[in-house]
Amino acid sequence: MSAIAQNIRKFRQIVPPGVEIVAVSKFHPASMIMEAYEAGQRNFGESRVQEFVEKERELPKDIRWHFIGHLQTNKVKAVIGKTSLIESVDSERLLELIDRESEKAGVITNVLLQVHVAAEEAKFGFFPEELKAYFESGKFVGLKATKICGLMGMATNTDDVERIRNDFSRIHTLFEEVRSLYSEQLPEFTKLSMGMSGDWEIAMEEGSNIVRIGSAIFGERNY
Ligand SMILES: *Cc1c(COP(=O)(O)O)cnc(C)c1O
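Definitions and limits used
- Think of each chain on its own: its residues are numbered from 1, step by step along the sequence as written.
- Local features are withheld for residues below a pLDDT of 70 in this predicted model, meaning they are given only at 70 or higher, and side-chain atom pairs are given and counted only at 80 or more; totals for whole chains, interfaces and linings count all residues.
- Each side-chain value is derived from all of the structure's non-hydrogen atoms; neither hydrogens nor water enter the calculation.
- Numbering of helices and strands runs from the N terminus, with a helix taken as a DSSP run of H or I at least four residues long and a strand as a DSSP run of E at least two residues long.
- Note on method: radius of gyration uses C-alpha positions; expected globular size equals 2.2 Å times residues raised to 0.38.
- Burial classes: relative accessible area under 20% of the type maximum marks a residue as buried, over 50% as exposed, and values in between as partly exposed (1.4 Å probe, protein chains only).
- A fitted line through C-alpha atoms represents every axis, and for helices the fit uses only the stretch in contact; the resulting angles, taken between N-to-C directions, go from 0 to 180 degrees.
- An angle below 35 degrees is treated as roughly parallel, one above 145 as roughly antiparallel, one from 65 to 115 as roughly perpendicular, and anything else as oblique.
- Throughout, a contact is declared for two residues whenever any of their heavy atoms are within 4.5 Å.
- All amino acids are sorted into three groups, where Ala, Val, Leu, Ile, Met, Phe, Trp, Tyr, Cys and Pro are nonpolar, Asp, Glu, Lys and Arg are charged, and the leftover types, Gly among them, are polar.
- We call a set of buried Ala, Val, Leu, Ile, Met, Phe, Trp, Tyr and Cys residues a nonpolar core when their side-chain atoms join them within 4.5 Å.
- Working definition: residue near molecule or strand if any one of its non-hydrogen atoms lies within 4 Å of it.
- Two N or O atoms form a polar contact when they lie within 3.5 Å of each other; inside protein one atom must be a possible hydrogen donor and the other a possible acceptor, and for residues adjacent in sequence the pair counts only when both atoms belong to side chains.
- Working definition: the arc comes from the directions between the helix axis and the C-beta atoms, pointing outward to the latter.
- Here, a salt bridge means any Lys or Arg side-chain nitrogen found within 4 Å of an Asp or Glu carboxyl oxygen.

Caption draft 1: Inspection of the overall build of the protein at higher detail. Scanning the protein for helices and strands turns up 9 helices and 8 strands. In summary, the protein has a C-alpha radius of gyration of 17 Å against a globular reference of 17 Å for 223 residues, a match within 12%. With the C-alpha coordinates aligned to their principal axes, the bounding extent of the protein is approximately 50 × 45 × 30 Å. Across the 223 residues of the protein, 49% fall into the buried class.

Caption draft 2: Region of the structure containing the packing of helix H6 (residues 128-137) against helix H7 (residues 161-182). Remark: H6 packs on H7, axes separated minimally by 11 Å, with the N-to-C direction vectors making an angle of 10°. Relative to H7, the element H6 is oriented roughly parallel. The segment H6 lies against H7, with Pro-128, Leu-131, Lys-132, Phe-135 and Glu-136 engaging Arg-170, Leu-174, Glu-177, Val-178 and Tyr-182. A class-by-class count of the residues in the contact of H6 with H7 yields 6 nonpolar, no polar and 4 charged.

Caption draft 3: Structural view of unusual backbone geometry. We note that Phe-27 has phi near 70°; this positive angle belongs to a residue other than glycine. Within the secondary structure, Phe-27 sits in the loop between strand E1 (20-24) and helix H2 (30-38). According to the relative accessible area criterion, Phe-27 is partly exposed, its value standing at 27%.

Caption draft 4: Molecular detail of the nonpolar core. Ranked by size, the top nonpolar core spans 61 residues in total, and within it Leu-113, Phe-135 and Ile-148 carry the most contacts. For this core, the leading source of residues is H7, giving 7 residues. Val-22, Leu-85, Leu-112 and Met-152 belong to the second largest nonpolar core, which has 6 residues in total.

Caption draft 5: Representation of the site of the ligand. Lining the immediate environment of the ligand, one finds Val-24, Lys-26, Ile-68, Met-154, Met-196, Ser-197, Arg-212, Ile-213, Gly-214, Ser-215 and Arg-221. For the ligand, a nitrogen atom lies 2.8 Å from a polar atom in the side chain of Arg-212. Interatomic distance of 2.8 Å between a backbone N/O atom of Ser-215 and an oxygen atom of the ligand. Considered class by class, the residues forming the shell around the ligand number 5 nonpolar, 3 polar and 3 charged.

Caption draft 6: Local environment of H2. Where H2 is concerned, the buried positions are Ala-30, Met-32, Ile-33, Ala-36 and Tyr-37. What you see down the axis of H2 is that its buried residues fit within an arc of 160°, all on one side. Tucked into the core, H2 has its buried residues touching helix H1 (3-14), strand E2 (43-46), helix H3 (49-58), strand E3 (64-67) and helix H9 (215-218).

Caption draft 7: Representation of the environment of Val-161 within the structure. Along the chain, Val-161 falls in helix H7. Given a relative accessible area of 39%, Val-161 falls into the partly exposed group. For the pair formed by Val-161 and Ile-202, sequence separation is 41 residues and the distance between their alpha carbons is 8.2 Å.

Caption draft 8: Molecular detail of the pattern of salt bridges. The tally for this structure, following the rule as stated, stands at 14 salt bridges. Glu-129 is the partner of Lys-132 in a salt bridge, and the nearest nitrogen-oxygen pair spans 4.0 Å. In this pair, Lys-132 and Glu-129 are both assigned in helix H6, 3 residues apart and thus about one turn of the helix distant. A relative accessible area of 57% places Glu-129 in the exposed class. Between Glu-176 and Arg-179 there is a salt bridge; the shortest N-O distance is 3.2 Å. Here the residue Glu-176 and the residue Arg-179 both occupy positions in helix H7, the gap between them amounting to 3 residues, near one helical turn.

Caption draft 9: Structural detail: the side chain of Ser-25. Examined against the element boundaries, Ser-25 turns out to sit in the loop between E1 and H2. Taking the relative accessible area as the measure of exposure, Ser-25 reaches 0% and is therefore buried. Residues within four places of Ser-25 in sequence aside, it is in contact with Ile-33, Phe-44, Gly-45, Glu-46, Glu-51, Lys-55, Trp-65 and Phe-218.

Here it is, written out as structure tokens:
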């Protein structure tokens, strides 16, 4: 069995059934995705539009693609209708554009809103107060072709486990707040995507139900 297949099998054994595993295949060739696919993996994550579009065209149609990178507004059209979940909706403007383009294309797009709690300035996402304000505005009710299915977030890039745990805990708290306030309007708001190769165990302890695993499945990336 290939190393990739072994890693997939290992993750499937240790991650409980209620947690989705997204194999983050960015920067890796289609052949490596196929190794994971043949081991039964169906959720894959990509972060660059061009690369995603090429792989989506070439690879089996039953793959569920999660788009997890910063999505520029001028590239929205290219991904609409091809994703199972866009996890990285990081602004109201992007959300509205996704909705308009989905409506035009006659598809429903599932999204997560990305939350920014990490220390790094460079990370994208709604700040917690911004996210709450968005829901309080009630504007989400007007979305016609977009389902907000939950939240995605990243912890600060650090070895400080308590810091990581605290970041995840804040995202989880926000998730529960939104879910309890708007469960009637947003019945599909159930997904919380947190955790990567280095911190997925902490993320799961803090309530994650989607983990996005790249290097621990495919090995290191050569950028
Ligand atoms: C690259 C990436 C991952 C996977 O990172 P690994 O550390 O390789 O597991 C997860 N989430 C996002 C948003 C990414 O960009």
